[in-house]
Amino acid sequence: MTLNPLTLIDFYKADHRRQYPDGTELVYSNLTPRNSRVPGTDEVVFFGLQYFIDEYLIRQWNEGFFNQPKDLVVARYKRRMDTALGPDAIDVAHIAALHDLGYLPLEIKAIAEGAAVPLKVAMLTMKNTKPEFFWLTNYLETLISCVLWKPCTSATTARTYRRVFDRYADETVGNRDFVGWQGHDFSMRGMSGVEDAVMSAAGHLLSFTGTDCVPAIDFLETYYGANADTELVAGSVPATEHSVMAMGLKDAEIATFQRLINEVYPAGVVSIVSDTWDFWRVITEFLPQLKADILARDGKVVIRPDSGDPVKIICGDPDAEPGSPAFRGAVACMWDTFGGTTTAQGYKLLDSHIGLIYGDSITTDRQLQILERLKQQGFASFNVVLGIGSYTYEYVTRDTFGFAVKATYGQVNGEGRDIFKDPKTDNGMKKSAKGLLRVVEENGHLVMHDQCTWAEEATGLLQPVFRDGKRLRNQTLAEIRERINHSL
């Protein structure tokens, strides 16, 4: 959705220009994750800035402002301010002057995307490049915060899932060849809008290759130099839904399985939702009857339970009747029917023709429980794929990692000022850095230094990515994924 870029603000931003001290010439701000509400997570993946620059700072500002008649855009802005704040509440001369300039006089410096940034370390800084447009730096605070916190948060969450999958792959299999497919993004339908869904799914794909969010691939090709013809951007498999299975009627459910396995998808991977009526009947009656057909296929049949407690369904319910399928769990029951191999680490791995995916209400806690219980039962982690949905990617806020855009330096009448906030009523989370910032790598970790000189600020890992209407750095999906892998 393309809106007037001038109005992608909170209303209180409109008149901050007059509130700064007379003679203000420079405002220097940063975006920083300040704290974590996720136990064990003290680094946040930086992702989404290249999209933000191309889509908002360049396309939308050019098409919606600079390339429009000045009288039209200024009048439109004035009308919006007048109707909401009162007639002539906001002077518009500075808006006309910006249009006359013809570009956004800003410089943004940033960490490389895909980097794991420690808490309280700035991901980016921004400042105005012309003194008369000092007001523009923090005018964009609302927009940059709104657009960037979610892809960073989702990319961080995906990296957390990836680390756990990697650990159990190392312990129970001995390689990570399948891990990229073990976390499959099911979230699109539960997200709060298309942009939210697509940017979150793109963050997921920094750590995984499985997704059902088709436009996430378009997004990565459009904004991050990906090419699905020459690299694996993402993939999925044919899969049923409950309407398909129910249309085949309850009494003929096994016939629906047979048709799907033998006629519709005689080869390759197919995922079949299996809890439409009686999941345990599918596992203990249908699969043994279909065993020969499944083993004869050149491919894998993936069984998908979709209700109940995922830990108990996959690994067994200790409160169920001893010896029952529910007590033993789906993986153990499928092993009874199909068998499989034993990894070099000594764990059982289902026959390659059969598999299991669970995609309802998965969380990082449940992921850990599932993989640990499978391990305790002697099963390798590769026996299961988890569908990661909006239960994971939407149950977050900007405060999950305390994202904030804050000014730390300014210049008034030629004099530089280190500025900061340190509220006495705060627990320390909102205490800001001071002055100019520099981020460097020390002993393998990113460290931020504040109150720097301009010479110091010019060095380090915060590098220019945007200046005066132009993007200066291009990062590809492949480069970002490599950075993620290195951090793991």
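An unreviewed UniProt entry lists the protein under the name Nicotinamide phosphoribosyltransferase, with Fibrella aquatilis as the source organism. According to UniProt, the comment filed for the protein under the heading Pathway (unreviewed entry) is "Cofactor biosynthesis; NAD(+) biosynthesis; nicotinamide D-ribonucleotide from 5-phospho-alpha-D-ribose 1-diphosphate and nicotinamide: step 1/1."

**With respect to the layout of surface pockets**
Space inside the largest pocket adds up to approximately 1,100 Å³. Lining the largest pocket are 45 residues, with H184, F186, S271, R304 and I357 positioned closest to its centre. Listed by contribution, the elements that provide at least two residues to the lining of the largest pocket are strand 6 (183–185), strand 9 (301–304), strand 11 (348–350), strand 12 (354–358), strand 13 (384–388) and helix 17 (390–393). Residue contributions to the lining of the largest pocket peak at four residues, all from strand 12.

**What about the packing of aromatic side chains?**
Tallied over the full model, the rule gives 22 aromatic pairs. Measuring from ring centre to ring centre gives 5.5 Å for F178 and F382, while their planes differ by 65°; the resulting arrangement is edge-to-face. Note that F178 is positioned in the loop between helix 6 (141–172) and helix 7 (179–182) and F382 in the loop between helix 16 (364–376) and strand 13, a separation of 204 residues in sequence. The rings of F47, Y51, F52, Y56, F219, Y223 and Y224 are connected pair by pair, giving a single aromatic cluster. Positioned above the aromatic ring of F379, the side-chain terminus of K348 is 4.5 Å from the ring centre. One residue, K434, lies across the ring of F420, its end atom 4.3 Å from the ring centre.

**Points about the nonpolar core**
Grouped together as the largest cluster of nonpolar side chains are 89 residues, with contacts concentrated most on L49, F52, F219 and L220. Counting residues per element, this core draws most heavily on helix 2 (residues 49–66), which supplies nine residues. With near-sequence residues (within four places) excluded, L49 lies in contact with I108, A110, E113, L124, L148, Y224 and V465. Of all hydrophobic cores here, the second largest spans 56 residues; its members include W280, I303, I313 and Y358.

Definitions and cut-offs
Residues numbered from 1 in each chain as written. Predicted model: local features only at pLDDT ≥ 70, side-chain atom pairs only at ≥ 80, totals over all residues. Heavy atoms only, no water. UniProt positions renumbered as here; feature names shortened; annotations may be inferred. 1 Å grid on protein atoms, 1.4 Å probe; cavity = no way out; pocket = protein on both sides within 12 Å on 5 of 7 lines; lining within 4 Å. Points joined across faces, edges and corners; volume = space filled by probe spheres on them. Helix = DSSP H or I, 4+ residues; strand = E, 2+ residues; numbered from the N terminus. Phe/Tyr/Trp six-rings, centres within 6.5 Å; stacked < 30°, edge-to-face > 60°. Lys NZ or Arg CZ within 6 Å of the ring centre and 35° of its normal. Core = buried A, V, L, I, M, F, W, Y, C linked by side-chain atoms within 4.5 Å. Buried < 20%, exposed > 50% of the residue type's maximum accessible area, 1.4 Å probe, protein only. Contact = heavy atoms within 4.5 Å.

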